[in-house]
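Spelled out from the first residue to the last, the chains are:
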Amino acid sequence: LVPYESSELNIVPIKNPLLTEASHLRTNLYLEHLNVCQRNIKSGQKGCWIYEIGNIYYKIDSSIKQKSILAGVISGERRMEKWTTSGKSKPLNYYEARGKLEQVFKSLKIDINDKKINDSDKLLHPGKAANLYLEGKNIGKFGQAHPSILANRDLPSETYIFELYLESIL
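Since we're looking at a predicted model, the values are computed, not measured. (Residues numbered from 1 in each chain as written. Predicted model: local features only at pLDDT ≥ 70, side-chain atom pairs only at ≥ 80, totals over all residues. Heavy atoms only, no water.)

### Some remarks on helix α1 (residues 30-42)
Think of an α-helix as 3.6 residues a turn; residues three or four steps apart then line up on the same face.
Working step 1: Taking 1.5 Å of rise per residue, the 13 residues of α1 would be expected to cover 18 Å, and the 18 Å separating its terminal C-alpha atoms lies within 8% of that figure.
Working step 2: What α1 keeps buried is the set Y30, H33, L34, C37 and Q38. One side of α1 carries all its buried residues, which in axial view fall inside an arc of 140 degrees. Structural note: α1 exposes R39 and K42 on the side pointing more than 90 degrees away from its buried face.
Working step 3: Immediately downstream of α1, the backbone of G44 shows phi near 110 degrees, a positive value. (Helix = DSSP H or I, 4+ residues; strand = E, 2+ residues; numbered from the N terminus. Expected span 1.5 Å × (residues − 1). Buried < 20%, exposed > 50% of the residue type's maximum accessible area, 1.4 Å probe, protein only. Arc of directions from axis to C-beta.)

### What to know about the nonpolar core
Working step 1: Residues F105, F142 and L164 are the most contacted members of the largest nonpolar core, which totals 19 residues.
Working step 2: For this core, the elements supplying multiple residues, two or more each, are β2 (63-76), α2 (94-107), β4 (124-134), β5 (137-145), β6 (159-165) and α4 (166-169).
Working step 3: If you tally residues by element for this core, the top one is α2, at four residues.
Working step 4: If near-sequence neighbours (up to four positions away) are discounted, F105 is found in contact with I110, I112, I139, L164 and I169.
Working step 5: One finds L124, A129, A145 and L150 within the second-largest nonpolar core, a separate group that totals 14 residues. (Core = buried A, V, L, I, M, F, W, Y, C linked by side-chain atoms within 4.5 Å. Contact = heavy atoms within 4.5 Å.)

### Brief notes about the side chain of R98
Working step 1: In this fold, R98 is placed in helix α2.
Working step 2: Judged by its relative accessible area of 9%, R98 falls in the buried class.
Working step 3: A polar contact of 2.5 Å, which involves the side chain of R98, links it to the side chain of D114. (Polar contact = N/O pair within 3.5 Å; in protein donor to acceptor, adjacent residues only side chain to side chain.)

### Some thoughts on the environment of C37
Working step 1: Structurally, C37 can be placed in helix α1.
Working step 2: Here C37 falls in the buried class, since its relative accessible area comes to 0%.
Working step 3: Remark: the alpha-carbon pair of C37 and R153, spanning 116 residues in sequence, is separated by 9.2 Å.
Working step 4: Not counting the four nearest positions on each side in its chain, C37 is found in contact with C48, I50, V73, S75 and L155.

### Here we look at the pattern of salt bridges
Working step 1: Using the criterion set out here, one finds four salt bridges in the structure.
Working step 2: Note that E52 is salt-bridged to R26, the shortest N-O span being 3.0 Å. A residue pair is termed long-range when its members are at least 10 positions apart, and E52 in strand β1 (residues 47-60) and R26 in the segment before α1 qualify at 26 residues.
Working step 3: On the accessibility criterion, E52 (21% relative accessible area) is partly exposed.
Working step 4: The salt bridge partner of E102 is R98, with a shortest N-O separation of 3.1 Å. Of this pair, E102 and R98 are both found in helix α2, four residues apart, which corresponds to roughly one turn of the helix.
Working step 5: Each member of the salt-bridge network shares a partner with another, and the members are R26, E32 and E52. (Salt bridge = Lys/Arg side-chain N within 4 Å of Asp/Glu carboxyl O.)

Quick look at the structure:
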């Protein structure tokens, strides 16, 4: 599986970067997604749903690995209007957010299974995260963002992250 923590050992530097912030290839997509959601919510939006198909890169020993993934964040309010709930906020809970991902897979006629993540994952909330499996093969992760990530970014507790490994699905 792809390492979540970017250490000096597994990042791939760019020889001639245009910006110091972009001095290495991406090791994940979720950090950018969380930053986008943070900016949107700080600017007054009640929610932010974002996804991206992209590549991530990391080193293992002396070789550079590339992985194509579909990743995204579902954060905050589930709709832009509030007239149906008399102005009250109604964010998605864990099961509703997971159901959105399930809807996509069902429309593609793909049946996936969840297995609760038991190890300590620094990205996802303990107890509210699952590995996703297709025909017994791990195809990604889904779960509520870890409370420490939410606190550092001032995001609502109803923030969910997913990461799907495209090669495994295809």
